[in-house]
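These are the residues of each chain, in order.
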Amino acid sequence: MLRCSSNRKVFRLGRRLGKSEIMAIKALHFLFNNSPKAQRWDSYRQEWVQGFGTIMVVTPFLSQVKNIFGRIKELIDMNPELKAEVKRSVATPFHAIELHNGAKILGFSAGANGAESVRGQKADFIMLDEMDYLDEPSIEAVLALLMEHSEVELLCASTPSGRREYFYRFCKDRMDFKEFHFPSHVNPSWSPQMEAELREFYNTEAGWQHEILAEFGEAVTSVFQTKYVSHARVDYRYEDLIKNPEMSYAIGIDWNDQENGTKIVVTGWHPTRQYFKVVQKETIQKVGWTQTAAIEKLIQLNRIWQPDYVYVDQGYGATQIEVIKRFGLDAKYAKHDYAQVDARLANIVGINSSSNVEVIDPTTGEKVKKPMKPFMVENAVRRFEQGIVQFSLYDEELYQQLIGYSIEKVNASGKPVYAAGPHGDHDLDALILSLLAFQMETSEFMKPEFNATITFSGNFGDGKGERQIAGDDDLHDVLDKINNPKPRTNTPHIRSDYNAATAKVSMFGTGRQVVRSYSPEEFNNDDRGRLSSNRVQREYLKSFRKGMNRRGGRGF
Ligand SMILES: Nc1ncnc2c1ncn2[C@@H]1O[C@H](COP(=O)(O)OP(=O)(O)O)[C@@H](O)[C@H]1O
Ligand SMILES: [Mg+2]
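Note that the structure is predicted; figures quoted are calculated from it, not measured.

## Concerning the overall build of the protein
The helix and strand tally for the protein stands at 19 helices and 22 strands. Taking all 556 residues of the protein together, 42% fall into the buried category. Contacts in the protein between residues far apart in sequence, at least 24 positions, make up 72% of those at least 6 positions apart.

## Points about the packing of helix α13 (residues 372-385) against helix α15 (residues 426-441)
The contact between α13 and α15 brings their axes to 9 Å, and the two run at 85°. With respect to each other, α13 and α15 are oriented roughly perpendicular. Contacts between α13 and α15 involve M376, V377, N379, A380 and R383 from the first element and L431, I432, L435, L436 and Q439 from the second. Looking at the contact of α13 with α15 residue by residue, the class counts come to seven nonpolar, two polar and one charged.

## Considering helix α5 (residues 136-143)
Working note: α-helix, 3.6 residues per turn, so residues spaced by three or four point in the same direction. Turning to α5, its buried residues are S138, I139, A141 and V142. Down the axis of α5, the sector holding all buried residues measures 160°, keeping them to one side.

## Overview of the pairing of strand β14 (residues 275-284)
Across the ten residues that make up β14, a large majority, seven, are buried. Both strand β13 (residues 262-270) and β14 contribute to a ladder of nine bridges, which runs antiparallel. Across the sheet, the residue bridging to V266 is Q280, located in β14. Hairpin geometry of β13 and β14 is characterised by an intervening segment of four residues between the two adjacent antiparallel strands and by a positive phi of about 60° at Q274. Pairing of β14 with strand β19 (residues 389-392), which is carried by two bridges, proceeds in the parallel orientation.

## Some remarks on the sheet that holds strand β10 (residues 178-182)
Strand pairing in a sheet relies on backbone hydrogen bonds. The paired strands run either parallel or antiparallel. The eight strands are arranged β5-β6-β7-β4-β8-β9-β1-β10 in an open sheet whose pairing can be described as mixed. Lying at the two open borders of the sheet, with one neighbouring strand each, are β5 (86-90) and β10. For this sheet, the mean inter-axis angle between neighbouring strands, taken without regard to orientation, is 10°. Both strand β4 (residues 54-59) and strand β8 (residues 125-128) contribute to a ladder of four bridges, which runs parallel. Paired with V57 across the strands is M127, a residue of β8. Strands β4, β5, β6 (95-99) and β7 (104-109) of the sheet are contacted by helix α2 (residues 62-77), whose axis makes an angle of about 155° with β7.

## With respect to the environment of V287
By the element assignment, V287 lies in the loop between β14 and α10 (290-305). Sequence-wise, V287 and Q258 are 29 residues apart; in three dimensions their C-alpha atoms are separated by 6.8 Å.

## A closer look at the packing of helix α14 (residues 396-404) against α15
Between α14 and α15, the shortest axis-to-axis distance is 8 Å and the interhelical angle comes to 85°. Taken as axis vectors, α14 and α15 run roughly perpendicular relative to one another. Along the contact surface, α14 presents E397, L398, Q401 and L402, while α15 presents D427, L428 and L431. Here the residues of the contact of α14 with α15 are counted per class, giving four nonpolar, one polar and two charged.

## What about unusual backbone geometry?
Across the junction of T92 and P93, the peptide omega takes the value 0°, indicating a cis bond. Summarising the element assignment, P93 is placed in the loop between β5 and β6. With a phi close to 55°, A214 is a non-glycine residue in the positive phi region. Since 22 C-beta atoms lie within 10 Å of it, A214 is described here as buried. The backbone of Q306 shows a phi angle near 45°, a positive value even though the residue is not glycine. With respect to the helices and strands, the residue Q306 is situated in the loop between α10 and β15 (309-313).

## What about the nonpolar core?
The biggest cluster of nonpolar side chains holds 114 residues, and the ones touching the most others in it are A27, I55, V57, M127, C156 and Y311. Taken together, domain 1 (8-211) and domain 2 (226-404 + 419-442) each give at least three residues to this core, which thus spans both. Non-local contacts of V57, meaning those with residues more than four positions away in its chain, are made with M23, A27, V65, I68, I105, G107, M127 and D129.

## Details of the environment of V118
Within the element layout of this structure, V118 appears in helix α4 (residues 114-119). A C-alpha to C-alpha distance of 10.0 Å links V118 and I139, two positions 21 residues apart in sequence. Contacts of V118, omitting those with residues within four sequence positions, involve V58, F108, A141 and V142.

## Here's the deal with the confidence of the model for the protein
Parts of the prediction with low pLDDT should not have their coordinates interpreted in detail. Residues at a pLDDT of 70 or more form 78% of the protein, whose mean pLDDT is 80. Taken as a whole, residues 446-534 scores under 50 in pLDDT and shows 119 contacts with residues more than four places along the chain or in a different chain. In this model, residues 549-556 is a region of pLDDT below 50 whose contacts with residues beyond four sequence positions or in other chains number five contacts.

## What about the environment of V359?
Counting through the fold element by element, V359 comes out in strand β17 (residues 356-360). On the neighbour-count criterion, V359 (17 C-beta atoms within 10 Å) is partly exposed. The spatial distance from the C-alpha of V359 to the C-alpha of F375 is 9.6 Å, given a sequence separation of 16 residues.

## Side note on the pairing of β15
For β15, the buried fraction is high: five of the five residues fall into the buried class. Taking every second residue as pointing to the same face, both faces of β15 are buried, with Y309, Y311 and D313 on one and V310 and V312 on the other. By the bridge criterion, three bridges tie β15 to strand β16 (residues 349-351) in an arrangement that is parallel. The partner of Y311 across the bridge, within β16, is V349.

What counts and how
- Residues numbered from 1 in each chain as written.
- Chains lettered and ligands numbered in written order.
- Predicted model: local features only at pLDDT ≥ 70, side-chain atom pairs only at ≥ 80, totals over all residues.
- Helix = DSSP H or I, 4+ residues; strand = E, 2+ residues; numbered from the N terminus.
- Buried ≥ 20, exposed ≤ 12 C-beta atoms within 10 Å, placed from the backbone.
- Contact = placed C-beta atoms within 7 Å.
- Axes fitted to C-alpha atoms, helices over the stretch in contact; angles between N-to-C directions.
- Parallel < 35°, antiparallel > 145°, perpendicular 65-115°, else oblique.
- Nonpolar A, V, L, I, M, F, W, Y, C, P; charged D, E, K, R; others polar.
- Arc of directions from axis to C-beta.
- Pairing = 2+ DSSP bridges.
- Core = buried A, V, L, I, M, F, W, Y, C linked by C-beta atoms within 7 Å.
- Domains from an automatic or database assignment.
- pLDDT = per-residue confidence, 0-100.

Given below as structure tokens:
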């Protein structure tokens, strides 16, 4: 591949075959064997022109540019003669290494402004790494640079994503491109063990085809178009953000097993400037402790961001939802500084993604039932297409999940079935839930499509039946106690002046409307189970509070 003399090359290679390594070497070779000061004869223009001098590397992520430049610098540092030629080497505003003779290599990553920064440049050699993960506008901005002169060289490399965009066309349709196609198996260090490990990681057929075999596979129908997703990438870091009093917040949680970890996404909405912004993202993954740690994290995030809504995926999180609700209800009578904020967690909403949601058909004005999953996904898609979503440029995981998300099939009733890409969909699910919260709860979003009544279903305690799939840690112990209640005591748990219809329990499920209010009688006397579970959950939550006070953290 290094010897190939074609000036249009495309490398379609599986993971870890050396795409980036080859680019680094190729770039280095070009850098030290050309000079803008040398004159060269341009056969097309029939005149002497300036020599080649500029290489441009463009990748979807900053980390990839960093890696390539890191490798180039490593190689330069190995050779004192080469090192002596370097005039300057910087990482901002973009990566650049310049030699004394004026030859230079520039590195860009795509993103909200990626294409913009490329536009003003010129280049003699253009390299696109992981090209199939770049959005079309960025690629077009780069390809425009090929017009600079007739001998500009182009080297593209990627694992296929399944889309039928530029990369596919370069490989399949363009006769002027030299294509190299190798699956990961040709790696000399390929072994049955490596194969087994990779199978585990790329566990879908499409994932394996794309990432390992470097095959295009079936054409995927992306749910989120790359150009809109790219537009949403903005240069900020989640850890630098603090609560903005002008924004309202929603938390979305995708509850998972230990292997995938529970994902929490906090999204803000700016009502006057009209945009959504992902402000924090957490993965909670602790051996034997995931569920408890996730609840603890939620309590912490709730105190920091004080969101208006918390939406949780009900499938895996049913038991946790109950514990959180209980925590919120209890906090109403607590006296510590965060009591009021904690109490809001009683309004946590569990979303059953296989249920239906009632919406008003805008054309007929009639109520129609829509399946929840496509409803929430389409809501998120619309937000991206409106260009009003922002997430961190450095959040590569979310980007990969967004552009990898596809429609696997549409079943007979017209309901789409979604499939995660090679990078999964759990962060994405949490984001989708947080966006759904605004859609369901905020009148400014509700107006066009909804009636104002949200249908609730399920009573407090309904989730118990699902506990067998719920968790991996001591939540089980707590719940065992709930299910094996001890004899009740007569000690009242709730202050006697409590009489208002306060706690609204909402879960999307069958579509039946149940808005429950709890009076002290209900709390203390309606059944043994509840009384007992009150106590058990209280014990459990006491340990949380201890933990919370000890730990502190941002906003405490
Ligand atoms: N020709 C080679 N010989 C030995 N090791 C290599 C070679 N090319 C790449 N590598 C190593 O293989 C690993 C993967 O290479 P990389 O360029 O990151 O792959 P890709 O970009 O295709 O995923 C790196 O650790 C790299 O140093
Ligand atoms: Mg690479």
